[in-house]
Amino acid sequence: MFDDDTIVAPATTYGKSSLNVLRLSGKDSLRIAAQLAKTTLEELKFSLPARYAKLTKIYFNNNDLLDECILIYFKAPHSYTTQDVVEFQCHGGNFIAQSILQECLRYGARLANPGEFTKRAFLGGRIDLSQAQAVAKLIESQNASAHQMLMRHLKGEMQSFCENLRTDLIALLAHSEVFIDYAEEELPDDLLENLKNKLESILKTLHSLLEQSKAKRTLFEGYRLCIIGKPNVGKSSLLNALLHSNRAIVSEIAGTTRDSIEENFMLGGHWLRLIDTAGIHQTQDSIESEGIKRSLEKAEESDLVLALFDGSSDLMQEDLQIIDLLRTYQKSKKVVALVNKMDLECKFPLKVLEDFNPMNLCLKGDLYAKDSLLNIFKKNLESLLDSKEESQSLLLTSEYQFQAVQTCIQALQDSILPLQNLELEIFSFHLNEALKAIASITKPYEYSQMLDVMFGDFCLGK
Ligand SMILES: Nc1nc2c(ncn2[C@@H]2O[C@H](COP(=O)(O)OP(=O)(O)OP(=O)(O)O)[C@@H](O)[C@H]2O)c(=O)[nH]1
Ligand SMILES: [Mg+2]
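Enquirer: Would you mind showing me how to read the site of ligand 1 here?
Expert: Taken together, 23 residues lie near ligand 1, and Lys235, Ser237, Gly255, Thr256 and Leu363 sit nearest. In this structure, serine 236 approaches ligand 1 through a side-chain N or O atom, which is 2.8 Å from an oxygen atom. Threonine 256 places a main-chain nitrogen or oxygen 2.8 Å from an oxygen atom of ligand 1. Surface burial for ligand 1 is 92%, taken as the share of its 660 Å² of free accessible area covered by protein chains. For the shell around ligand 1, the element with the most residues is helix α10 (residues 235-243), which contributes three residues. Among the residues forming the shell around ligand 1, the class breakdown is eight nonpolar, 10 polar and five charged.

Enquirer: How should I be thinking about the nonpolar core in this particular structure?
Expert: As a rule of thumb, soluble globular proteins bury nonpolar side chains together. Of all hydrophobic cores here, the largest spans 43 residues; its most connected members are Leu199, Leu206, Val405, Leu412, Phe427 and Leu431. Where this core is concerned, the elements lending two or more residues are α5 (129-140), α6 (144-154), α7 (157-179), α8 (191-215), α9 (218-221), α14 (399-420) and α15 (424-442).

Enquirer: Would you mind going over the domain arrangement of the protein with me for this structure?
Expert: By convention, interface size is frequently given as the accessible area that disappears when the constituent parts associate. What the domain assignment reports for the protein is domain 1 (7-126), domain 2 (132-216 + 396-442) and domain 3 (220-389). One C-alpha centre belongs to domain 1, the other to domain 2, and the line joining them spans 42 Å.

Enquirer: I'm lost on the coordination of the magnesium ion (ligand 2) in this one. Help?
Expert: Geometry sets the ideal angles at a metal, namely 109.5 degrees for four tetrahedral donors and 90 or 180 degrees for six octahedral donors. Note on the magnesium ion (ligand 2): its protein donors are Ser236 (OG) and Thr257 (OG1). The metal-donor distances range over 2.0 Å. Here serine 236 is found in helix α10, whereas its partner threonine 257 is found in the loop between α10 and β8 (261-267), with 21 residues between them in sequence. Threonine 257 matches serine 236 in its accessibility class, with the two residues each being buried.

Enquirer: Would you mind showing me how to read the packing of α5 against α6 here?
Expert: In a pair of packed helices, the angle between the axes and the distance between the axes together describe the arrangement. Following both chains from N to C, one finds α5 and α6 inclined at 150°, their axes separated by 8 Å at the closest point. Comparing the axis directions of α5 and α6 gives the class roughly antiparallel. Once α5 is placed against α6, the crossing between them reads as left-handed. Within the contact between the two elements, α5 uses Ser130, Gln131, Ala134, Val135, Lys137 and Leu138 and α6 uses His147, Leu150, Met151, His153 and Leu154. Of the residues in the contact of α5 with α6, the class split is six nonpolar, four polar and one charged.

Thresholds applied
Residues numbered from 1 in each chain as written. Chains lettered and ligands numbered in written order. Predicted model: local features only at pLDDT ≥ 70, side-chain atom pairs only at ≥ 80, totals over all residues. Heavy atoms only, no water. Near = heavy atom within 4 Å. Polar contact = N/O pair within 3.5 Å; in protein donor to acceptor, adjacent residues only side chain to side chain. Areas by Shrake-Rupley, 256 points an atom, 1.4 Å probe, with all protein chains shown as cover. Helix = DSSP H or I, 4+ residues; strand = E, 2+ residues; numbered from the N terminus. Nonpolar A, V, L, I, M, F, W, Y, C, P; charged D, E, K, R; others polar. Core = buried A, V, L, I, M, F, W, Y, C linked by side-chain atoms within 4.5 Å. Buried < 20%, exposed > 50% of the residue type's maximum accessible area, 1.4 Å probe, protein only. Domains from an automatic or database assignment. Donors = N, O, S within 2.8 Å, 3.2 Å for Na, K, Ca; no water. Axes fitted to C-alpha atoms, helices over the stretch in contact; angles between N-to-C directions. Parallel < 35°, antiparallel > 145°, perpendicular 65-115°, else oblique. Left-handed = near helix turned anticlockwise from the far one by under 90°. Contact = heavy atoms within 4.5 Å.

So, in structure tokens, the structure goes:
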């Protein structure tokens, strides 16, 4: 599975920046670096001790000076990939980094596949699969809590969890194997009870891991917040206020927003996707109807619905429709009711929203004053998201881990009946399946194709 090639890739994205980093990994890394520095392997080995940063002139087109780079040599096995690694820290911009890459290719390196550095770290035994997946997810992590959980995976907590589970399963298996050849009447009286209790306790642990992880899934995917309401209540004004920009058109004409508008923004430690939608109301206009259909779809797909009501207007049929929607959404997601335009005389019967603990809002005037209603709402929203994310327990972080745990649970459930019938061979067979599923979270050595697919999700250079 370990190929012999020396690979190269940029570790930073190209663009206007002061520095770029490229990495070479493999047995020829130092030789290739020496060729770029127009020196011999021996001289470079002498002048570039492992783990020291050295300012080095790099040449291209044979003799033209390209850049002065910082070179760092990580000697195998003390590197990320466990192989010889040379890191080039060059000046920013596309040209220098691209030219270094081209020179490395010319001297025999191959362009790394996405995730290949981490794949080598895994194959070299430096990290296990749960840690490798944490690396991939860390790069995309959307909020502080997700980052914290991924760091726990990276530090090896998932590895320890799987090892403990494996030890328990092996103990169960050993117990069963000992008695496989015994006749039923020779079996200890409490054997069935003992095995059943152990099995149930393992299943309980796995179920709780799965349930908690399902509940916190949005932690790793980022929250989607959808703003809904009848026309003209201030949905687009809220989007603009949260983004600090005039992203959406705001006007006193009802039906201004025809199609949904999506933007990302940061609130506290949370990276959110905010969706402004077309106002929900009865209409014969086919374009407006399509917009409203989309509003409902967006609300359906989101994790949190912000429903806006106009405090300066009487209760209308559309408001009742929105309240009905909130009751339905409440079953599967968080909903927040907001009564806007509180700078005007309040005509809206707030009582109809009492089940939703509505918050007052005003999107006119000094929005960003410390005690503005917008700021109070933002603080409340932040703590709502914090409480949604709070988790002391370890969580599964990828679809792959979910599947492995589900397979393990299934295998253990399949083992219950044979255990009750004292068919210990079949019981052991299912336990082995459960063991395989758990091992696949950290060390699935036998699945080389699967590894390619999994590491393919990484970005280049990691
Ligand atoms: N007085 C007052 N006017 C507001 C407030 N918030 C928004 N408005 C005004 O209400 C009108 C409608 O605001 P929008 O943000 O376009 O409302 P919308 O819900 O996006 O409307 P549609 O896109 O048509 O569904 C605009 O004239 C805003 O300036 C507020 O808190 N107080
Ligand atoms: Mg609008």
